[in-house]
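Coordinates in review
Listed below, chain by chain, are the residues.
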Amino acid sequence: MRTPFDPRAYQIAALAGLLAYGMAGLAFEVSIARVGLLLATALATQYVGGRLARLPRFDPRSALISGLSLCLLLRTNSEALAAGTAVVTIASKFALRWRGKHVFNPTNFGLVAMILATHAVWVSPGQWGSAAFLGFLVACLGGMVVNRAARSDVTLAFLASYGALLFLRAGWLGDPMSIPLHQLESGALLIFAFFMISDPKTTPDSRAGRVLFAILVAAGGVFVQFRLYRPNGLLWSLVALSPAVPLIDRLFPGCRYHWVGRARIPARPRKGVAHAPTLDLLPQLPLGRTRG
Amino acid sequence: MRRLSICCLSFLLAGPAAERAQAFCGFYVAKADTKLFNQASSVALVRDGDQTVMTMANDYQGDLKEFAIVIPVPTFIKREQIEVTDRALLDHLDAYSSPRLVEYFDPDPCQRMEVGGVLGGAPMARSAAPHRADEKSLGVTVEARYTVGEYDILILSAQESGGLETWLKENGYKVPPESPKFMLPVRLGTVNAKGPQELFVYALTRKGRVETTNYRTVRLPTGMDIPVFVKNEFGRFYKAVFSDQVRREDMRAVFLEYAWDMGWCDPCAAQPLSREELKSLGVAWTAGAPGQVTPSRRPAMVGGAGDVFLTRLHVRYDASHFPEDLVFQETADRTNFQGRFVLRHPWQGGETCDATREYRRALVDRREKEAQTLAWLTGWDINEIRGKMGNLAKISETTDRRSWRSLLSPF
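Cut-offs and rules
Residues numbered from 1 in each chain as written. Chains lettered and ligands numbered in written order. Predicted model: local features only at pLDDT ≥ 70, side-chain atom pairs only at ≥ 80, totals over all residues. Heavy atoms only, no water. Contact = heavy atoms within 4.5 Å. Buried area = accessible area lost by both parts, 1.4 Å probe. Salt bridge = Lys/Arg side-chain N within 4 Å of Asp/Glu carboxyl O. Polar contact = N/O pair within 3.5 Å; in protein donor to acceptor, adjacent residues only side chain to side chain. pLDDT = per-residue confidence, 0-100. Helix = DSSP H or I, 4+ residues; strand = E, 2+ residues; numbered from the N terminus. Buried < 20%, exposed > 50% of the residue type's maximum accessible area, 1.4 Å probe, protein only. Axes fitted to C-alpha atoms, helices over the stretch in contact; angles between N-to-C directions. Left-handed = near helix turned anticlockwise from the far one by under 90°. Nonpolar A, V, L, I, M, F, W, Y, C, P; charged D, E, K, R; others polar.

Turning next to the interface of chain B and chain A. Taken together, the contact between chain B and chain A spans 25 residues of the former and 30 residues of the latter. Here chain B and chain A share an interface that buries about 2200 Å² over both sides, 50% of which is from carbon and sulfur atoms. For the salt bridge of R209 of chain B with E29 of chain A, the shortest nitrogen-to-oxygen distance reads 3.2 Å. Taken together, chain B and chain A are joined by 14 residue pairs in polar contact (both at pLDDT 80 or more).

Printed below as a string of structure tokens:
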């Protein structure tokens, strides 16, 4: 039987393409050596974590996605801190779990944890500018098609609610609409919407839950950005709201997402509902030992 | 939570300095300072944690009675927090951080075999005409009024920018209709500005470089070899470089011209600011005796104060390309960066040896490359540049004519 297409393959290609464009066209402050370091560290941590968690085989895809995301987002003068961030990022997948799901998007957690802990790493949300916006959008939408809307509801709900909040704010302040439009024309925003908040492993299981989560993250991002005046409001918002996902799952139970073949198993046994993992899934692993 | 508290606000009016220093990174020749640009505003932002001290200077031409500068501040500020300061402070910052031209002299090829290679509200004037009763209805409140130096200062608060615009219009201040949104402190300029404006931001921070979060911050080209004749027209050259970069970025970027630890410089377009000067700008965190150099720094230059990182940003903006006010963030990046252009004077000695011919050959290539670099940087016509560079033979008439002719023969 033909193996279903894994959307992570597209994600890896898209992120690698964006990184190549960023380095060649936008002079990102990330060297080839830094890219190598981040990817190698992420993969090594995945390998070690997988061994410790006794995963049956080494799967580099999630670690590659996290590593490439770090290449796009993480900035620091220190190679040690760069490697440290990659370790924290991947290790969080294995260490911070709740009912078989990791709590935080790994890249999101790694970045925020290191920003808080070291004050020597940063994220440059302005690095994309707005000139590349359209090309960017195409790449991201392409990902959505490939995903076959697997979890694009969270992305769409987030973009819609974030955009609505920006326009509402502009209307309230009497600002020209060019301001919220400019705020939406952001490469950093698209990266967040298509590659971070959309992470099916850290979003609620049900569609209603995901939409609620997306709206909350958008509102939190606006609050951090325009009330607290902190940059990277969306990263802070997502990391702050991720612990609420188990609660949302309790309120709106749904099917747990699994990568290969997008097979689903119920998150929790529900009365009167039979549930069994599909064949291409690993045997049900004990708590804390599912694939990342 | 209040994120930004402006504890000192300094208004300056109009505003010169040039030194020559020799240093490791070439012999300093000239700089391209802010006076090259018309309609330029300069602002120094001293940022420490959540506290910001801002010093501003505007290039305003016209009747002073009509000059007003509007600066929305995020929190109420008191009279003691506003002072008029000396324009020389910003001039010194400008001189210290300007893009610079340096020169090298090729060694005698007979002594060394290598050639080329890159080494590495002002007078819110008679303002406040009689207060109108509908200020409140416009949502505008005059919180306080002061006279500081020669300026009358009103502290206004407004819930909405539209109300503030109406208030300004009714009180005799024109606000251009294309800019109904009111400006944040970083988006300086008079409310009546015509055409694109230049803004220079000097950010003095503890941690590292400052960048914009809602626009790209782009490093200007640096370290490039350009033809020697540029020495006489460096100002014109730099204006062309900047304009060309603005064009390439579709006028949607903020440009980094300088990022350096204030403890030193190399080469120095001007000495670093002293502790006293930094203190006047609002730097409260430097320790040690006045003028003391941090011992761990390179001993190249004197007079600076450690622990202060200077970022110089240059932006050309108008309402359509910069719809949103600039938003900054301080990064932990302490990588030094300077706008620096290099002149290389050919060896003009008369000695001949085997290496001379090789040197001449490389020199022809080098000069062509310099011409192309200059054309790329400025958009100037390549043939005009070649013409201005003159004939290499004329430059080195004293050299061995026989080897020179053999060099030219392939052409």
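Per-residue confidence for chain A averages 80 on the pLDDT scale, and 79% of its residues sit at or above 70. Confidence over residues 261-292 of chain A falls short of pLDDT 50; this stretch has 69 contacts with residues more than four positions distant or in other chains.

Attention shifts here to the environment of R236 of chain B. Residues and elements named next belong to chain B. Considering the arrangement of structural elements, one finds R236 in helix 3 (residues 234-248). According to the relative accessible area criterion, R236 is partly exposed, its value standing at 40%. Contacts of R236, omitting those with residues within four sequence positions, involve W380 and K388.

Turning our attention to the environment of P346 of chain B. Residues and elements named next belong to chain B. In this fold, P346 is placed in the loop between strand 17 (340-345) and helix 5 (354-378). When its relative accessible area of 13% is taken as the criterion, P346 is described as buried. Between the C-alpha atom of P346 and that of L363, which follows or precedes it by 17 residues, the distance is 7.6 Å. With near-sequence residues (within four places) excluded, P346 lies in contact with D106, Y359, L363 and R366.

The next subject is the packing of helix 2 (residues 32-52) of chain A against helix 4 (residues 79-95) of chain A. Residue and element names in this part refer to chain A. Between helix 2 and helix 4, whose axes approach to 8 Å, the crossing angle comes to 35°. For the pair helix 2 and helix 4, the crossing hand works out as right-handed. Residues R34, L37, L38, T41, A42, T45, Q46, G49 and G50 of helix 2 form the contact with helix 4, whose own contacting residues are E79, A82, A83, A86, V87, I90, A91, K93 and F94. In terms of residue class, the contact of helix 2 with helix 4 is made up of 10 nonpolar, 5 polar and 3 charged.

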